Amino acid sequence: YLVGTQHYSEVSASDVRHVISAVRPGTVMLELCAGRYVNLFAPSHSASPHEDTDTSNVGGLAGALTRAHRLTDRVGISAGLDFSAALEEAGAMKARVV
């Protein structure tokens, strides 16, 4: 199964939990960028993964996404609710996470 999500959506997080709970897979795969990996597996990392990124010379989609992450960090919107839900649900059923 493949679950498409919005990283800021409670509905997506709920969908992820429901699919994993219903399917009960042996393995759950998360597609993570380096910044999200740090946030999920090293939550004591104090800086946002996007704070140290100089986006002044980055154009197109990559620059826009990085700037959007910075903005949501500043206004307190949690990114990665879907990833956190997947990790929690996989852990509850002892599924391997890759």
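Structure's up top.
A brief look at the structure comes next. Because the structure is predicted, anything quoted here is derived from the model rather than measured. (Residues numbered from 1 in each chain as written. Predicted model: local features only at pLDDT ≥ 70, side-chain atom pairs only at ≥ 80, totals over all residues. Heavy atoms only, no water.)

### Some details on the environment of histidine 7
So, point 1. Structurally, the position occupied by histidine 7 is in the segment before α1 (10-23).
So, point 2. By relative accessible area, which is 24% here, histidine 7 ends up partly exposed.
So, point 3. The sequence separation of histidine 7 and serine 84 amounts to 77 residues, and the corresponding C-alpha distance is 9.8 Å. (Helix = DSSP H or I, 4+ residues; strand = E, 2+ residues; numbered from the N terminus. Buried < 20%, exposed > 50% of the residue type's maximum accessible area, 1.4 Å probe, protein only.)

### Digging into the packing of α1 against helix α4 (residues 81-92)
So, point 1. Contact geometry of α1 with α4 gives a least axis separation of 8 Å together with a crossing angle of 25 degrees. Viewed along their axes, α1 and α4 adopt a mutual orientation that is roughly parallel. Taken as a pair, α1 and α4 cross one another with a handedness that is right-handed. Listed contacts from α4 to Glu10, Ala13, Val16, Arg17, Ile20 and Ser21 of α1 are Leu81, Asp82, Ala85, Ala86, Glu88, Glu89 and Ala90.
So, point 2. Tallied by class, the residues present in the contact of α1 with α4 amount to seven nonpolar, one polar and five charged. (Axes fitted to C-alpha atoms, helices over the stretch in contact; angles between N-to-C directions. Parallel < 35°, antiparallel > 145°, perpendicular 65-115°, else oblique. Left-handed = near helix turned anticlockwise from the far one by under 90°. Contact = heavy atoms within 4.5 Å. Nonpolar A, V, L, I, M, F, W, Y, C, P; charged D, E, K, R; others polar.)

### As for the side chain of aspartate 82
So, point 1. Tracing the sequence through the fold places aspartate 82 in helix α4.
So, point 2. Of the polar contacts made by the side chain of aspartate 82, one reaches the side chain of threonine 5; its length is 2.3 Å.
So, point 3. The contact partners of aspartate 82, leaving out residues within four places of it in the chain, are Thr5, Gln6, His7, Ala13 and Val16. (Polar contact = N/O pair within 3.5 Å; in protein donor to acceptor, adjacent residues only side chain to side chain.)

Function cannot be read off these values alone, since they describe shape.
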